[in-house]
Structures are given as C-alpha cells and as structure tokens.
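If you want the building blocks of each chain, they are given just below.
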Amino acid sequence: MIIKYIVKSLEQRDTVFVSGLGLFEKYYQSAEIINDKINPPYNGIKFDPNFDGNGFNFEMFVAQQEGKLISETSQTISEWVKDLKNAIDNNKSVSFENFGTFAKDAKGVIAFACDRIPELNIEFEGLNPVSIGNVAAETVQEWSENEDITEQNSTVEHQDVVKEETENVQGDAAIVVEEPVEEPEVDETTIDAHETEIAEPEELQPMDESMEDDSSDGKESDEKGKHRGLIITIIVVLILALLAAAAYYFRTPLTDLYHQYFDKNQVEVAQDVETQNIAEEPVLADTAIMEADTDFVTGQVIEDEEFANSTYQDALSENLLSEDGDFIVDYEKGRYYVIVGSFRTEKEVRRHISDRNLESYHPKAVRQSGQNLRVCIGIFSTEQAAENFGRESGRNYWVLK
C-alpha cells in the first residue's frame, strides 16, 4: 500500500520523503546508446537515505487518500518502514514489482535500484530499445541485393547490344558482297583477289568487341556511381534523423538554456512586476484557508476563529524574516525556520515560490552546508512560534532547527 502512494505522490511532485527511510526523488533520463542499442528516454527514481527532513507531507497525503487521521497513518507508515528494514536484514534484499529493489551496500546503508515504473512513463509508452547493428545489417543486405539485380540487368543489356551489333555487321557485309562489279575483261585471278578483299571486314570483329567492352565498362561505372550516391544519401538522412531525435529528447535543457541566456530580461521584468504587486498587498495568509483549516493530527476542526486569527497575528509579530537583504541566507543555529520546500538550485526555488504563490511571505532560500536550498517563509526564535505560524499558514511545512 505504501509503495502505491509513493508512486502516486511522485506523479504530482518531484520528491517524496518517508520518515525513518529516506527521500525518493524523480529524475528524467534522456535517450542514450548502450552496447550498440538506442535506449528510449524514461523517468526514474533516486533514493537518498541520508536526507534531512520529515515525512509530514507524505503522511498527510496518505491520510487524505485513505480518509484516516494523520496519527493513524503515521503509525502505519512507521510499522511498514520497520518491517521493510527487518526484511532487508533477513533476506539481504526486498523487491517490489514495477517499483524497484531495496538492499544494503558494502557500508550497511540501504540502497535502491529502480525499475521502469509504468505510472511515471506514460508519455514514453511503446518506445523500445533499437539495435544499431540490426539496422546496419539490414541496410547492407538491401544494398547488396540491389547491386546484384543491377549487375544482372547490365549483363543482359550487354548481351543484347553485342547481338544487335553483330547482326548489323553481318548485314552490311552481305550487302557489300551482293553489290555488282562491272569491269570489262577481268580474269579469274582478279575476281578471286577482289572476293578476298571483300571478306576482310570479318577480321574487324575483335575491334568491335573491344568497343562493346568499353561501353559496358562505362555503364558499370555509372551504376557504381549511382550506388555511391544512394549510400551517401542514406547516411545523410540517418544523421539528420539522429540530430532531430537528439533535439527532441533534449528539448527541456535547450529551452532552459534559451530562457537563461536569451530571455533573461523578460523573466526579470516579470518578477519585478510581481514583486511590486505583492508589495502593495498586505502580508496576510489566505483567510479562507485559515477559516476552513483542519487539525489533521487530532481530526478536530478549529472552531474558534478569533483564537486562530490572534495566534497567527502573534506568530507574524514574532517572525524574524525580513523582505530586505539577500535572497539566499545562511542557516543559523538557535533559530527555527518554517520550510515549505527543498531544491538543489536557486532557479528551482524561485519556480516553486511562483508556482505555490508564496510571494506574500517574502520567502528566502536557506543555505546549509551539504544540504539543498530550503524555501523558508518564516524565521522564529522559538520552536512553538514556528509551529504556530506554519500550522496557521495552511501550507505543507516542516520546522528546521
């Protein structure tokens, strides 16, 4: 059951953290050539057992899907993680169909090998590996068959030409023999010599055969030239097809490069306009969300609206987060940070802020050695104040301390 909800959660977001186990992160693998095969692109999962975080978001997601309290869901997930670790210790590895295999490496740390998950690869359904060797062999065989057929046709044409020219020569010789020669007083010796001269054209036959050979060689060379041209054309078409496929599979990185280097001014202008609009609005949480906020831990609906508003206002007054200064701030021990996201790059952090409409909190990116950049919407001097602020904000959060 837990595996099903991990996959379903990764269909909607890039990362899922399971308390007591680790972080599952979705990634995109473009098409690549391995062992003379072109493997199609796919979406896979990386696993980090050392990630620092909590699984409250995943527990809340499962609770909503199952229609249960978060406390019950948290207990169920904890028992599943415990059973999984015991199974790995006893069996060395545990596999889940259409998901992957858990096992311990040489250092005793849990590692994960991902299978091709159908739910995450719907857009690549039907794409199978293609062998480069088979394609090349079929192309060479096709060229060889075409060349044999061409040579057979050339031989037949050559024989027809020889036969036709031989008949023409014999016909011309016959006409010459039948041509009357009227000479007065010619003796038999002269007639014999004359007949010998007329029969001499038969000796020209070897010369005619050499001429026919030259013409056949010219035709063969033309055929070979056509074959070379066909081969070059096919190679050019294959190269263009590979370039087109590469451009399609790498369209996302190319688009990011375009926005980063060529469309940078438009992005900055749009961000300035959004910041200006946000500055004109009061820094308030969504009142509709606060009024309908539900305490998932206890399953009780907050009915005292005045108490909730006063608690949130107290949390706002204690917030140490300032809209001034640098966007990226360093982590300080002794402070409590309300975190709503964790990403590797500043670009991903800003995209998350824009997608989740977090600009009204004047969020910052908290930088900590060896960790991702965390999206922070509040900084407090006490853990209770941070918890109050995060709960009343209506966002999916966890407290970094």
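None of the values given here were measured: they were computed from a predicted structure.

1. Points about the nonpolar core
Next, step 1: I6, V18, L21, F24, F58 and F99 are the most contacted members of the largest nonpolar core, which totals 27 residues.
Next, step 2: The set of elements that each furnish at least two residues to this core consists of helix 1 (2-12), strand 1 (15-18), strand 5 (42-48), helix 2 (56-66), helix 3 (70-91) and strand 8 (110-114).
Next, step 3: Among the elements that make up this core, the one with the highest residue count is helix 1 (six residues).
Next, step 4: Excluding anything up to four places from it in sequence, F24 contacts I6, L10, D14, T15, V16, V18, I45, K46, F47, F99 and F102.
Next, step 5: Core analysis: the next-biggest nonpolar cluster, separate from the first, contains 18 residues, V340, F343, I353 and F380 among them.

2. Regarding helix 3
Next, step 1: With 22 residues, helix 3 should cover 32 Å at 1.5 Å per step; its first-to-last C-alpha distance of 31 Å lies within 8% of that length.
Next, step 2: Of the positions making up helix 3, those classed as buried are I70, T73, I77, W80, V81, L84 and I88. Seen from one end, helix 3 has its buried residues packed into an arc of 100°, which puts them on one side. Exposed residues lying more than 90 degrees from the buried face of helix 3 are K82 and N90.
Next, step 3: On the buried face of helix 3, the contacting elements are helix 1, strand 1, helix 2, strand 6 (93-96), strand 7 (100-104) and strand 8.

3. Brief notes about the pattern of salt bridges
Next, step 1: Scanning all chains against the criterion turns up six salt bridges.
Next, step 2: Residue K401 is joined to E383 by a salt bridge in which the shortest nitrogen-to-oxygen separation is 3.3 Å. Within this pair, whereas K401 is found in the segment after strand 16 (398-400), its partner E383 is found in helix 12 (residues 383-393), the two being separated by 18 residues in sequence.
Next, step 3: Judged by relative accessible area, which is 56%, K401 ranks as exposed.

4. Side note on the pairing of strand 13 (residues 336-343)
Next, step 1: Judged by how many residues are buried, strand 13 sits mostly within the fold: seven of eight residues are covered.
Next, step 2: Summarising the sheet, strand 13 and strand 15 (residues 373-380) pair through seven bridges and their orientation is antiparallel. Among the inter-strand pairings, Y336 is bridged to a residue of strand 15, identified as F380.
Next, step 3: Inspection of the sheet shows strand 13 paired to strand 16 by three bridges, in the antiparallel sense. Bridged to Y337 within strand 16 is L400.

5. Structural notes on a nonpolar patch on the surface
Next, step 1: The grouping of I232, I235, V236, I239, L240 and L243 at the surface amounts to a nonpolar patch, some 570 Å² of accessible area in total.
Next, step 2: Summarising the element assignment, I232 is placed in helix 6 (residues 205-249).
Next, step 3: Overall, I232 belongs to the exposed group, its relative accessible area being 53%.

6. Examining the side chain of E59
Next, step 1: With respect to the secondary-structure elements, E59 resides in helix 2.
Next, step 2: Here E59 sits buried without a salt bridge, and the closest side chain of opposite charge, R13, lies 12 Å off (N-O distance).
Next, step 3: The contacts of E59, once residues within four sequence positions are left out, are S19, I70, T73, S74 and I77.

7. Some remarks on the packing of aromatic side chains
Next, step 1: For the coordinates displayed, the defined rule picks out 18 aromatic pairs.
Next, step 2: Relative to F112, the ring of F47 lies with its centre 6.4 Å away and its plane at 65°, an arrangement referred to as edge-to-face. Placement of the pair is F47 in strand 5 and F112 in strand 8, with a sequence separation of 65 residues. In this pair, the class of F47 matches that of F112, namely buried.
Next, step 3: Between the aromatic rings of F380 and F389, the centroid separation amounts to 5.2 Å while the plane-to-plane angle is 50°, which identifies the pairing as tilted. With respect to class, F380 is no different from F389; both count as buried.
Next, step 4: Stacked on the ring of F327, the Lys or Arg R350 has its end atom at 3.9 Å from the ring centre.

8. Some remarks on the side chain of S342
Next, step 1: Inspection of the secondary structure puts S342 in strand 13.
Next, step 2: Excluding residues within four positions of it along the chain, S342 makes contact with F51, N372, L373 and R374.

9. A look at unusual backbone geometry
Next, step 1: With a phi close to 60°, N98 is a non-glycine residue in the positive phi region.
Next, step 2: In this structure, N98 sits in the loop between strand 6 and strand 7.

10. Points about the sheet that holds strand 2 (residues 22-29)
Next, step 1: Judged by pairing direction, the sheet is antiparallel, and its three strands sit side by side in the order 1-2-5 without closing on themselves. The two strands at the open ends of the sheet, each matched to only one other strand, are strand 1 and strand 5. Mean inter-strand twist for the sheet, computed between neighbouring axes without regard to direction, equals 25°.
Next, step 2: Summarising the sheet, strand 1 and strand 2 pair through four bridges and their orientation is antiparallel. Note that in strand 2 the partner of F17 across the bridge is L23.
Next, step 3: Each of strand 1, strand 2 and strand 5 touches helix 1; the most contacted strand, strand 1, lies at about 145° to it.

11. So, the environment of K82
Next, step 1: Residue placement: K82 occurs in helix 3.
Next, step 2: Looking at K82, the relative accessible area reads 57%, which means it is exposed.
Next, step 3: Residues K82 and G20 lie 62 residues apart in sequence; the distance between their C-alpha atoms is 8.4 Å.

So, how was this worked out
- Residues numbered from 1 in each chain as written.
- Predicted model: local features only at pLDDT ≥ 70, side-chain atom pairs only at ≥ 80, totals over all residues.
- Heavy atoms only, no water.
- Core = buried A, V, L, I, M, F, W, Y, C linked by side-chain atoms within 4.5 Å.
- Buried < 20%, exposed > 50% of the residue type's maximum accessible area, 1.4 Å probe, protein only.
- Helix = DSSP H or I, 4+ residues; strand = E, 2+ residues; numbered from the N terminus.
- Contact = heavy atoms within 4.5 Å.
- Expected span 1.5 Å × (residues − 1).
- Arc of directions from axis to C-beta.
- Salt bridge = Lys/Arg side-chain N within 4 Å of Asp/Glu carboxyl O.
- Pairing = 2+ DSSP bridges.
- Patch = residues over 30% accessible without salt bridge, like charges linked within 9 Å, V, L, I, M, F, W, Y side chains within 5 Å.
- Areas by Shrake-Rupley, 256 points an atom, 1.4 Å probe, with all protein chains shown as cover.
- Lys, Arg positive; Asp, Glu negative; His and termini not counted.
- Phe/Tyr/Trp six-rings, centres within 6.5 Å; stacked < 30°, edge-to-face > 60°.
- Lys NZ or Arg CZ within 6 Å of the ring centre and 35° of its normal.
- Axes fitted to C-alpha atoms, helices over the stretch in contact; angles between N-to-C directions.

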